[in-house]
There are 2 protein chains.
Amino acid sequence: MSRVAIVGIGHSRFGRRTDVNVGELAFESIKEAVDDAGVDRKEIKNVVVGTMGSWYEELLPAVVVNEYAGLSGAGTMRVEAACASGSAALKAAYNSIVSGETDVALAVGVEKMTEVDSPTSVELIGRAGSYMWEFENFGMTFPAYYALYAVSHMNRYGTTEEDLARISVKAHRYGAMNPLAQFQKEITIEKVLGSPVVAWPLKLYDACPLTDGSAAVVLATEDVAKKLSDTPIWIKGVGYSSDTANLGRRSNYVGLEAAVRAAGRAYSMAKVSPGDIDVATAHDCFTIAELMAYEDLGFCRKGEGTKLLREGQTEIGGKIPVNVDGGLKAKGHPVGATGVSMAVEITKQLRGEAGRRQVPLRKGLGLVHNVGGTGHYAYVTILSRS
Amino acid sequence: MSRVAIVGIGHSRFGRRTDVNVGELAFESIKEAVDDAGVDRKEIKNVVVGTMGSWYEELLPAVVVNEYAGLSGAGTMRVEAACASGSAALKAAYNSIVSGETDVALAVGVEKMTEVDSPTSVELIGRAGSYMWEFENFGMTFPAYYALYAVSHMNRYGTTEEDLARISVKAHRYGAMNPLAQFQKEITIEKVLGSPVVAWPLKLYDACPLTDGSAAVVLATEDVAKKLSDTPIWIKGVGYSSDTANLGRRSNYVGLEAAVRAAGRAYSMAKVSPGDIDVATAHDCFTIAELMAYEDLGFCRKGEGTKLLREGQTEIGGKIPVNVDGGLKAKGHPVGATGVSMAVEITKQLRGEAGRRQVPLRKGLGLVHNVGGTGHYAYVTILSRS
């Protein structure tokens, strides 16, 4: 199978972006990625746009994004896998190159979530599951879905509210070092624990914000990649899986089975094991989600995520630094953009271009863990320097 | 490059389907396709769902569809390319097999459009372009976009309202032979010409209806296809392209450039020419769209579509029968399902299973032409018996 590399990356500033529309927002990262790759836009024969939509007015976001970026005429589609839409876009673009369809493809993720009012947001996010049954009948909100998991994890493994708060504090510490992050301010455990309860045990500071933002990567075949870049970052493994729409049909609430399956497939394709990974991004839409990810990705055994966390092993200098870009919690979570943003961060890390946030590299392997809904979708991508 | 075949097809009844929700509607075609393929559901490692959404309540249609069909756990994503979403799903599923990701994949298209009221429909369809500029500022409705093309084509090539009506009459004639079609009743040219003007010269009977429906195909590698099926239908060519969001930026209004480019790529990949095609489906969301498709696909020269039509060459027995399933006009147009529905029809024709609507086969080649928006997206797929 032919090899595919990331040869260009771009990333907009995340936050409340009332200064741009969705096309302009996407363009910020597309321009940067295309310039970084040093590729002529005409060479880009496939553009995959990851976005949920519904938050903003455009119903055909892909064509609007392409027109503004001067990419009309390329083959294109929008893909959606809820909050994993960005990783789905990356996978679809990757597939199109491996299929021999094109030498160069662009995956862009974009979301503009702050155009709607707060109740609409709560409703839209709440629909990210089984709308007709669990949302409409039971009145479950999205934080409530993850609260079920948090309670179950606390009950079974002795995880505490302090543990969860620790993840938020870590996110903000690294967010403060990331000039593109929505929140660039450190916080304390007390601040998290004292914040309003959203769905116990999850509090305001256990939750990621609503965010506007975009991220883009240019992918190329091995031949093209070697011409364009001295540091192509290779896509070594792509795994993805899904789970039931209704949480009531899940077998347990201490981990996301879809993520376990997706990770298994990605490791197997890349022929690496969890211990080989130097740096990872994990989908911390809520703090409990990052904790479960440690376990689902095999960075530790089930139930031992808190141990890893308390020892500081998921910080820079630890065994497996996670979310040193601030994560969804502090960097922000423009849902369609997040998966691509994660790939941009891991590419920067593997290139050794992450500055103050750079992790030490051993094997030159990084991992992206991106979840849609409450494990309704899971995508795991493994990137490598070689 | 490895060969990929369609080994199973399924198709729901199209129409106003108040009897089912979106998951149940998709299941009708999924069950049929999986049974037709004779494959175990567990073998299906990738499910791509083509749907616009927005018309119905579920925000994560792919997971809802998969749960109902017992496919949770498969890798999945939703894809959207406006009214070409079904073809985009087919392409993404095809790519996943060529990439070596899986041996068997399912592409399903579904839409449930009649849940919203009529003004909401008009607005939703109108947004299928550049919402902020041409819809909001100029008040263009979707029929008005295609009316621009119709007027331009009439002006330049002498196309008449009767010519357009002829396409509608043809669609209804074949729709009357298709038990799954929304409209199974023949109409006359007088009926079309006397129907209310929607956007001159387009009248009510120049336009396809709003439809609920689903269609599904099972795809497999050559090895698996030969085990499962005596009549695998091979995907020989896939071409796709796009055009500007704003129609104001198009170079002309007598054809869809995206369709011309998509067709060129598909023919080139399949190594066939327009004259080799035995049967085609064309995206007749409005009658003018089918007429332009004859020319864009190279079935005749630019401006000579009316000649082909008047001579009856696009009917069964003619040079190139088009939309002998009733087309979008009579079969119905559940937007996300349409591209897959077209592939189902062409597969039936190439298998020789189209009954009263069967076209004579010479080279065993069929073509699917599926357009999103007003040529914002175009996908062309070439299928073959060998």
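Since we're looking at a predicted model, the values are computed, not measured.

Draft legend 1. Representation of the pattern of salt bridges within the structure. Residue and element names in this part refer to chain A. Tallied over the full model, the rule gives 50 salt bridges over all chains. Residue arginine 351 is joined to aspartate 36 by a salt bridge in which the shortest nitrogen-to-oxygen separation is 2.9 Å. Of this pair, arginine 351 sits in helix 14 (residues 335-351) while aspartate 36 sits in helix 1 (residues 22-37); the two residues are 315 residues apart in sequence, bridging distant segments of the chain. Put simply, glutamate 115 and lysine 112 hold a salt bridge, and the shortest N to O gap is 3.1 Å. The class of glutamate 115 is partly exposed, set by a relative accessible area of 40%. Of the residues examined, lysine 112 reaches a relative accessible area of 3% and is grouped as buried.

Draft legend 2. A look at the packing of helix 3 (residues 85-98) of chain A against helix 14 of chain A. All names here are of chain A. Relative orientation of the contacting elements helix 3 and helix 14 amounts to 60°, with a least axis distance of 5 Å. On helix 14, the residues that touch Ser85, Gly86, Ser87 and Leu90 of helix 3 are Gly336, Gly339, Val340 and Ala343. Of the residues assigned to the contact of helix 3 with helix 14, the class counts are three nonpolar, five polar and no charged.

Draft legend 3. Summary view of the interface of chain B and chain A. Counting from both sides, the interface comprises 52 residues of chain B and, opposite them, 52 residues of chain A. Around 4,500 Å² of area is buried between chain B and chain A when both sides are counted, 52% of it from carbon and sulfur atoms. Considering only the side of chain B, the residues that lose the most area to chain A are Leu59, Leu60 and Glu67 of chain B, jointly responsible for 15% of the buried surface there. Our count for the chain B to chain A interface comes out at six salt bridges. Applying the counting rule to chain B against chain A returns 24 residue pairs in polar contact (both at pLDDT 80 or more). Going through the elements one at a time, helix 2 (61-68), strand 3 (75-80), helix 3 (85-98), helix 5 (131-135), strand 8 (233-242), helix 10 (257-270) and strand 11 (377-384) of chain B are the ones with two or more residues in the side of chain B that touches chain A. The residue makeup of the side of chain B that touches chain A, split by class, is 24 nonpolar, 16 polar and twelve charged. In terms of strand pairing, strand 3 (residues 75-80) of chain A meets strand 3 of chain B through three bridges, oriented antiparallel. Each residue of the ladder has a partner; that of valine 79 of chain A, found in strand 3 of chain B, is valine 79 of chain B.

Draft legend 4. Seen up close, the relation of the copies chain B and chain A. Expressed as a screw operation, the relation of chain B to chain A combines 0.0 Å of axial shift with a rotation of 180°, fitting to an RMSD of 0.0 Å. Look at the turn and shift together and you get a two-fold axis relating the two. Within chain B, valine 79 of chain B has its C-alpha nearest the rotation axis, a separation of 2.2 Å.

Draft legend 5. Expanded view of the environment of threonine 381 of chain B. All names here are of chain B. Position of threonine 381 among the secondary structure elements: in strand 11. Threonine 381 gets classed as buried once you look at its relative accessible area, which sits at 4%. Between the alpha carbons of threonine 381 and histidine 369 there is a distance of 6.8 Å; along the sequence they are twelve residues apart.

Draft legend 6. Structural context of the nonpolar core. Ile30, Tyr146 and Leu219 of chain A together with Ile30, Tyr146 and Leu219 of chain B are the most contacted members of the largest nonpolar core, which totals 266 residues. Contact partners of isoleucine 30 of chain A, with chain neighbours within four places excluded, come to Val65, Ala69, Leu71, Leu106, Val108 and Ala216 of chain A.

Draft legend 7. The arrangement of a nonpolar patch on the surface in detail. A surface patch of nonpolar side chains, amounting to about 280 Å² of accessible area, comprises Val151, Val197 and Trp200 of chain A. Of note, valine 197 of chain A is situated in strand 5 (residues 197-199).

Draft legend 8. Structural context of unusual backbone geometry. Going from tryptophan 200 of chain A to proline 201 of chain A, the amide bond is cis rather than trans, its omega being 5°. Tracing the chain through its elements places proline 201 of chain A in the loop between strand 5 and strand 6 (202-203). Notably, alanine 82 of chain A is not glycine yet its phi reads approximately 50°, a positive angle. Within the secondary structure, alanine 82 of chain A is located in the loop between strand 3 and helix 3. For asparagine 323 of chain B, which is not a glycine, the phi torsion comes out positive at approximately 55°.

Draft legend 9. Representation of the packing of aromatic side chains within the structure. Residue and element names in this part refer to chain B. Applying the stated rule across the entire model yields 16 aromatic pairs over all chains. Ring geometry for phenylalanine 142 and tyrosine 146: centres 5.7 Å apart, planes at 75°, overall edge-to-face. Of this pair, phenylalanine 142 and tyrosine 146 both sit in helix 6 (residues 142-157), separated by four residues, roughly a single helical turn. Note on phenylalanine 142: relative accessible area 6%, which makes it buried. In this structure tyrosine 146 comes out as buried when scored by relative accessible area, which is 0%. Centre to centre, the rings of phenylalanine 142 and phenylalanine 286 are 6.1 Å apart; their planes meet at 45°, and the pair counts as tilted. On the criterion of sequence distance, the pair formed by phenylalanine 142 in helix 6 and phenylalanine 286 in the loop between strand 9 (279-281) and helix 11 (287-296) is long-range, its members being 144 residues apart. The same class applies to phenylalanine 142 and to phenylalanine 286, which are both buried.

Draft legend 10. Highlighting the environment of histidine 11 of chain B. Residues and elements named next belong to chain B. As for its placement among the helices and strands, histidine 11 is situated in strand 1 (residues 4-11). Separated by 197 residues in the primary sequence, histidine 11 and cysteine 208 have C-alpha atoms spaced 18 Å apart. If near-sequence neighbours (up to four positions away) are discounted, histidine 11 is found in contact with Ser29, Glu32, Leu180, Ser214, Ala215, Lys331, Ser341 and Val344. At 2.8 Å, the side chain of histidine 11 forms a polar contact with the side chain of serine 341.

Scoring rules and cut-offs
Residues numbered from 1 in each chain as written. Chains lettered and ligands numbered in written order. Predicted model: local features only at pLDDT ≥ 70, side-chain atom pairs only at ≥ 80, totals over all residues. Heavy atoms only, no water. Salt bridge = Lys/Arg side-chain N within 4 Å of Asp/Glu carboxyl O. Helix = DSSP H or I, 4+ residues; strand = E, 2+ residues; numbered from the N terminus. Buried < 20%, exposed > 50% of the residue type's maximum accessible area, 1.4 Å probe, protein only. Axes fitted to C-alpha atoms, helices over the stretch in contact; angles between N-to-C directions. Contact = heavy atoms within 4.5 Å. Nonpolar A, V, L, I, M, F, W, Y, C, P; charged D, E, K, R; others polar. Buried area = accessible area lost by both parts, 1.4 Å probe. Polar contact = N/O pair within 3.5 Å; in protein donor to acceptor, adjacent residues only side chain to side chain. Pairing = 2+ DSSP bridges. Least-squares fit on C-alpha atoms with pLDDT ≥ 70 in both. Core = buried A, V, L, I, M, F, W, Y, C linked by side-chain atoms within 4.5 Å. Patch = residues over 30% accessible without salt bridge, like charges linked within 9 Å, V, L, I, M, F, W, Y side chains within 5 Å. Areas by Shrake-Rupley, 256 points an atom, 1.4 Å probe, with all protein chains shown as cover. Phe/Tyr/Trp six-rings, centres within 6.5 Å; stacked < 30°, edge-to-face > 60°.

Nothing here speaks to function; it is all geometry.
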